[in-house]
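These are the residues of each chain, in order.
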Amino acid sequence: MAAAAPAERQETASSPPGRRSAGFLAKMAAPSGRSGRGLWGAVVAAAALLWLGARAAEGPSAAEFDVRPGGEVHSFSRSLGDYTCTFTYSAQGGTNEQWQMIIGVSEDDLLFSCSVWRPQGKSYLFFTQFKAEVKGAKIEHAMAYSQAAVGGQSDIPLKQEEFEITETTVSHREGKFRFELSKLMIVAKTPRDEL
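For clarity, every value in this text was computed on a predicted model and none was experimentally measured.

What counts and how
Residues numbered from 1 in each chain as written. Predicted model: local features only at pLDDT ≥ 70, side-chain atom pairs only at ≥ 80, totals over all residues. Heavy atoms only, no water. Helix = DSSP H or I, 4+ residues; strand = E, 2+ residues; numbered from the N terminus. Buried < 20%, exposed > 50% of the residue type's maximum accessible area, 1.4 Å probe, protein only. Contact = heavy atoms within 4.5 Å. Pairing = 2+ DSSP bridges. Axes fitted to C-alpha atoms, helices over the stretch in contact; angles between N-to-C directions. Core = buried A, V, L, I, M, F, W, Y, C linked by side-chain atoms within 4.5 Å. Polar contact = N/O pair within 3.5 Å; in protein donor to acceptor, adjacent residues only side chain to side chain. pLDDT = per-residue confidence, 0-100. Disulfide = S-S within 2.5 Å.

Asks: Which parts of the structure should I look at to understand the overall build of the protein?
Replies: In terms of helices and strands, the protein carries two helices and 11 strands. Element order for the protein, N to C, with α for helix and β for strand: α-α-β-β-β-β-β-β-β-β-β-β-β. Counting all 195 residues of the protein, 50% fall into the buried class. Long-range contacts, defined here as pairs at least 24 residues apart, represent 71% of the contacts in the protein between residues at least 6 apart.

What follows is the structure in structure tokens.
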């Protein structure tokens, strides 16, 4: 299936209060214990440092948005300083689901993080495609999940063959993706890290 062009309307939201507690972050980033991937530790460590060390002036920014079924391609985008994260998707079945995007920049301005997830845990929508793209930074670590850790349930990562990671995107892999998505996490290096 060829990726359709995103709908003309791009959603944005104003920034609610940004700081999140360490408990919230630990719960959001809790590994499942099933992944067995060494990269996971690096992702969690980088994300935790990023969130806990975020600048007060440009602390983490969270925004809720609806993931809408119907087969159309939709995008949701958030920016913080020089960095932007855009989540583009197409889904079928059910009704709208409330999702959240959280973005942040580390205190030293070396890392940009973007998490897109369904706070209720498991999505019941059938995703035909997805892509998360960062602008202004290059992806260092990323992971996609079919279920997010909520209420005693564990994160369940997608199989590595189901998605692909480039310098700036995490997206479904055509013919391999099994249509389940509940969470994406990205940690990217900023250009300041290359100076």
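Picking up where we left off.
Asks: Where do I start with the sheet that holds strand E10 (residues 169–172) in this structure?
Replies: Hydrogen bonds between backbone groups are what pair the strands of a sheet, and the pairing can be parallel or antiparallel. Ordered by their spatial adjacency, five strands build an open sheet running E2-E3-E6-E10-E9, and the pairing between neighbours is antiparallel. Edge positions in the open sheet fall to strand E2 (73–80) and strand E9 (163–165), since each of these has one partner strand only. Strand-to-strand twist in this sheet, taken as the mean axis angle between neighbours without regard to direction, amounts to 15 degrees. Pairing geometry for E9 and E10, over three bridges, is antiparallel. Looking at the pairing, glutamate 164 lines up with serine 171 of E10.

Asks: Would you mind showing me how to read the nonpolar core here?
Replies: The tendency in soluble globular proteins is for nonpolar side chains to be buried side by side. In this structure, Phe87, Phe127, Phe130 and Leu181 are the most contacted members of the largest nonpolar core, which totals 37 residues. Elements with a contribution of two residues or more to this core: strand E1 (61–67), E2, strand E3 (83–92), strand E4 (97–105), strand E5 (111–117), strand E6 (126–135), strand E7 (138–147) and strand E11 (183–189). Counting residues in each nonpolar core, the second largest holds five residues, with Ala62, Ile102, Trp117 and Ala148 among its members.

Asks: Is there a simple way to think about the sheet that holds strand E8 (residues 156–157) in this case?
Replies: Reading across the sheet, the six strands line up as E1-E4-E5-E11-E7-E8 and stay open at both edges, with antiparallel pairing between neighbours. If you trace the sheet from one side to the other, it starts and ends with E1 and E8, each paired once. Where E4 meets E5, six bridges bridge the pair, whose relative direction is antiparallel. Across the sheet, methionine 101 pairs through a bridge with valine 116, a residue of E5.

Asks: I tried to follow the environment of proline 60 on my own but got confused; where do I start?
Replies: Take proline 60: it is sitting in the loop between helix H2 (39–52) and E1. As a C-alpha pair, proline 60 and valine 105 span 45 residues in sequence and 7.0 Å in three-dimensional space.

Asks: Please clarify how the side chain of lysine 183 should be interpreted in this entry.
Replies: Along the chain, lysine 183 falls in strand E11. Take lysine 183: its relative accessible area is 1%, and that puts it in the buried class. Here the side chain of lysine 183 touches aspartate 155 through a polar contact of 3.1 Å, side chain to side chain.

Asks: Sorry if this is basic, but what is going on with the side chain of glutamine 147 here?
Replies: Mapped onto the elements of the fold, glutamine 147 is located in strand E7. Within the structure, glutamine 147 has its side chain in polar contact with the backbone oxygen of serine 154 (distance 2.9 Å). With residues near it in sequence (within four places) discarded, glutamine 147 still touches Gly121, Lys122, Gln153, Ser154, Asp155, Ile156 and Ser182.

Asks: Please explain the confidence of the model for the protein as it appears in this structure.
Replies: Predicted coordinates in areas of low pLDDT are best not read in detail. With 69% of its residues at a pLDDT of 70 or more, the protein shows a mean pLDDT of 79. For residues 1–38, every residue scores under 50 in pLDDT, and the model assigns this stretch 77 contacts once sequence neighbours within four places are set aside. Taken together, the stretch residues 40–45 has pLDDT below 50 and engages in 14 contacts with residues farther than four places along the chain or on a different chain.

Asks: Any chance you could explain the pairing of E2 here in plain terms?
Replies: Side chains on a regular strand alternate between the two faces of the sheet. Among the eight residues that make up E2, seven are buried, leaving the element largely enclosed by the rest of the structure. The antiparallel pairing of E2 with E3 creates a hairpin that spans two residues between the two strands, and glycine 81 there sits at a positive phi of about 65 degrees.

Asks: Looking at this structure, how should I read the state of the cysteines?
Replies: Scanning the entire structure with this criterion turns up one disulfide. The disulfide partner of cysteine 85 is cysteine 114, and the gap between their sulfur atoms is 2.1 Å. Measuring the twist about the S-S bond at about -70 degrees, one finds the cysteine 85-cysteine 114 disulfide to be left-handed. Here cysteine 114 lies in strand E5 and cysteine 85 lies in strand E3, a separation of 29 residues in the sequence. Given a relative accessible area of 2%, cysteine 114 falls into the buried group.

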